[in-house]
Structures are given as C-alpha cells and as structure tokens.
Amino acid sequence: DGGITQSPKYLFRKEGQNVTLSCEQNLNHDAMYWYRQDPGQGLRLIYYSQIVNDFQKGDIAEGYSVSREKKESFPLTVTSAQKNPTAFYLCASSFQGGRSGQPQHFGDGTRLSIL
Amino acid sequence: QQQVKQSPQSLIVQKGGISIINCAYENTAFDYFPWYQQFPGKGPALLIAIRPDVSEKKEGRFTISFNKSAKQFSLHIMDSQPGDSATYFCAASTDKLIFGTGTRLQVFP
C-alpha cells in the first residue's frame, strides 16, 4: 500500500535538545511538505521541497531545519531555537510541487511535547 | 490577502440533517479549493475539491458550492451521519495550500 509514514507517533523534547521527526513516502511523489497544527490555527507550512536536494522556507520556518537527500525521505529537525515546539506535526506529499491543483496526501502525524 | 477565513469554529448537527461550513478568501489568484477531513489523531484526507470555473461539485453526500464574485465557497454535507464527526478544513492554493482554521463537526444520533 502506498502512503506516507511518520515516526515516531509521540515524541518528547527536553529543554535545549534538538529532535528529528521522520517522514517517508512510497508514492513516488516529487514534492514534500511539513506543517504544524495547533488548536484553532489550522495547518501552517514550515518547509517544503519540490525536488531532491532542494527545499524552501514556509511561513513559520524559524527554529526548524530540513534535508531532502532522497526522494522518499524529508526529515524535520526541531531545534532548541524553537521556543514553543509543542504541536502536532504533519508531513505531506504531492505528485508535483509549485503547481496548483496537486492533491496533497498526509501522514498521520507526530505529536511533540516538551518535558 | 493570503488568508482563508472559515466558519463556524464548531457545528453540532442531528443525524440526517445538513451540515454547512463556509470559507472566504481575498486573493483572486487562488485557483484550486480543496476540502480536507481529519479524524482525531490522524492526518487530513482530501474529501472533495473544486476549480473556480464551476459553481458546484457534488460527490455523494458532499457538495461544494462556489461563488467567485463573492469570493466564498462552502461545503454541504447532506444526510449527516455520526461517522461524519470530524474536523473539516477548507483550503485555497496557487502553488501552495493555505488552510482555514478548521470546523469541528459533531453529528448526534
């Protein structure tokens, strides 16, 4: 079955610690996205990548970093610079990026909390 | 101008009733308007989408109505069922999706 796998499902971060959220897709999609979801605020775009070895900042990139070394994988690192990391993080992919009308397929998210 | 405003924030409907969720936008460059359904602890799933060259699109019990001049679009769920209880997000895009803030729908038997 094709889809997007996010891991872990739950993650806890200590003060001053960097943590990495995994996102893997087997849909052969070129574009991948990271969103942050907070109650009452919808989904906000953190970073996106339209092709391997390329990525762009979204609306709330500060305190986050990404890499796109493989088509299938788009890990997100929440750095210690992100002062309010508690949220539900969602990864998505689409067949192509940079074009309207491309349906985005989502993983089931990682819930990050501060210890 | 990049915002998509969604209302209501929450909605309670009796089984068999019609659920209506509304969204409004400002950016006339938006040309794709999807609706996503999200169950607790899961990622959003695409429900139905529309382009601005049509005024209505229906898929089963779900209908999008689109008013280009008013820059508004809405989701209608006919014969609402308890299994429809979820959070619904509208969105609009040019090259990136801009999401509304979500509507939590509860359908009671």
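Residues numbered from 1 in each chain as written. Chains lettered and ligands numbered in written order. Predicted model: local features only at pLDDT ≥ 70, side-chain atom pairs only at ≥ 80, totals over all residues. Heavy atoms only, no water.

J.: An account of unusual backbone geometry is needed here, citing residue identities and associated values.
T.: Trans peptide bonds make up most of the peptide bonds, and negative phi angles are found at most residues other than glycine. Residues and elements named next belong to chain A. A cis amide bond links Ser-7 with the next residue in sequence, Pro-8, at an omega value of -10°. Non-glycine residue Asn-28 carries a positive phi angle of around 60°. Look at Asn-28 and you get exposed, because its relative accessible area is 52%. Located in the positive-phi region is Asn-53, a residue other than glycine, with phi close to 65°. Along the chain, Asn-53 falls in the loop between strand E5 (43–51) and strand E6 (54–57). (Buried < 20%, exposed > 50% of the residue type's maximum accessible area, 1.4 Å probe, protein only. Helix = DSSP H or I, 4+ residues; strand = E, 2+ residues; numbered from the N terminus.)

J.: Tell me about the interface of chain B and chain A, residues and numbers included.
T.: In this complex, chain B contributes 19 residues to the contact, which on the side of chain A involves 21 residues. Across the chain B/chain A interface, buried area totals approximately 1,600 Å², and carbon plus sulfur atoms make up 54% of it. A per-residue breakdown of the area chain B buries against chain A is headed by B:Pro44, B:Lys96 and B:Phe99, which together make up 28% of the total. For the pair chain B and chain A, the interface holds 1 salt bridge. A:Asp108 is the salt-bridge partner of B:Lys42, the closest N and O atoms lying 3.6 Å from each other. On the surface where chain B and chain A come into contact, there are 4 residue pairs in polar contact (both at pLDDT 80 or more). If you list the elements that add at least two residues to the side of chain B that touches chain A, you get strand E4 (33–38), strand E9 (86–93) and strand E10 (97–99) of chain B. (Contact = heavy atoms within 4.5 Å. Buried area = accessible area lost by both parts, 1.4 Å probe. Salt bridge = Lys/Arg side-chain N within 4 Å of Asp/Glu carboxyl O. Polar contact = N/O pair within 3.5 Å; in protein donor to acceptor, adjacent residues only side chain to side chain.)

J.: Any chance you could break down the side chain of A:Thr79 for me, citing the residues and the numbers?
T.: All names here are of chain A. Mapped onto the elements, Thr-79 comes out in the loop between strand E8 (76–78) and strand E9 (87–94). In this structure Thr-79 comes out as buried when scored by relative accessible area, which is 18%. The residues contacting Thr-79, other than those within four sequence positions of it, are Arg-13, Gln-17, Asn-18, Gly-63, Tyr-64 and Ser-65.

J.: Describe in detail the confidence of the model for chain A, supporting the description with residues and values.
T.: A low pLDDT score tells you not to read the predicted coordinates there in detail. The predicted model of chain A has a mean per-residue pLDDT of 93, with 99% of residues at 70 or higher. The element-level mean pLDDT for chain A is lowest in strand E2 (residues 10–13) of chain A, coming to 93, with strand E7 (residues 64–66) of chain A highest at 98. (pLDDT = per-residue confidence, 0-100.)

J.: Lay out the state of the cysteines in plain terms, naming residues and giving numbers.
T.: Residue and element names in this part refer to chain A. According to the stated counting rule, one finds 2 disulfides over all chains in the structure shown. Here Cys-23 connects covalently by a disulfide to Cys-91, the sulfurs 1.9 Å from one another. On the sign convention where negative means left-handed, the S-S torsion of about -75° between Cys-23 and Cys-91 marks this disulfide as left-handed. Placement of the pair is Cys-23 in strand E3 (residues 19–25) and Cys-91 in strand E9, with a sequence separation of 68 residues. Across the pair, Cys-91 and Cys-23 agree in class, each one buried. (Disulfide = S-S within 2.5 Å.)

J.: Provide a residue-level description of the layout of surface pockets, including the pertinent values.
T.: One number sums up the size of the largest pocket: a volume of about 520 Å³. Contributing to the lining of the largest pocket are 24 residues, with A:Gln37, A:Pro39, B:Gln38, B:Thr87 and B:Phe89 lying nearest its centre. If you list the elements that add at least two residues to the lining of the largest pocket, you get E9 of chain A together with E9 and strand E11 (103–108) of chain B. Looking at side-chain class alone, the lining of the largest pocket contains 8 nonpolar, 12 polar and 4 charged residues. Of the volumes computed, that of the second largest pocket is approximately 260 Å³. Residue lining of the second largest pocket: 15 residues in total, with B:Gln2, B:Gln3, B:Val4, B:Ile98 and B:Phe99 positioned closest to the centre. Counting only elements with at least two residues in the lining of the second largest pocket, the list comes to E5 of chain A together with strand E1 (4–7) and E10 of chain B. In the lining of the second largest pocket, the residues fall into 7 nonpolar, 5 polar and 3 charged. (1 Å grid on protein atoms, 1.4 Å probe; cavity = no way out; pocket = protein on both sides within 12 Å on 5 of 7 lines; lining within 4 Å. Points joined across faces, edges and corners; volume = space filled by probe spheres on them. Nonpolar A, V, L, I, M, F, W, Y, C, P; charged D, E, K, R; others polar.)

J.: Run through the pairing of strand E4 (residues 31–37) of chain A, naming residues and quoting values.
T.: Residues and elements named next belong to chain A. In terms of burial, E4 is a largely internal element, 7 of the 7 residues being buried. Here E4 runs beside E9; their pairing, made up of 7 bridges, is antiparallel. Each bridged residue has a counterpart across the sheet, and for Tyr-35 the counterpart in E9 is Leu-90. Counted between consecutive antiparallel strands, the loop separating E4 from E5 contains 5 residues, among which Gly-40 sits at a positive phi close to 75°. (Pairing = 2+ DSSP bridges.)

J.: Which residues make up empty space enclosed by the protein, and what values do they have?
T.: For the structure on display, the rule yields 1 cavity of 30 Å³ or more. There is about 70 Å³ of room inside the largest cavity. In terms of lining residues, the largest cavity is bounded by A:Tyr33, A:Arg99, A:Ser100, A:Gly101, A:Gln102, A:Gln104, B:Tyr32, B:Ser93, B:Thr94, B:Asp95, B:Lys96 and B:Leu97. Its residues assigned to classes, the lining of the largest cavity comprises 3 nonpolar, 6 polar and 3 charged.

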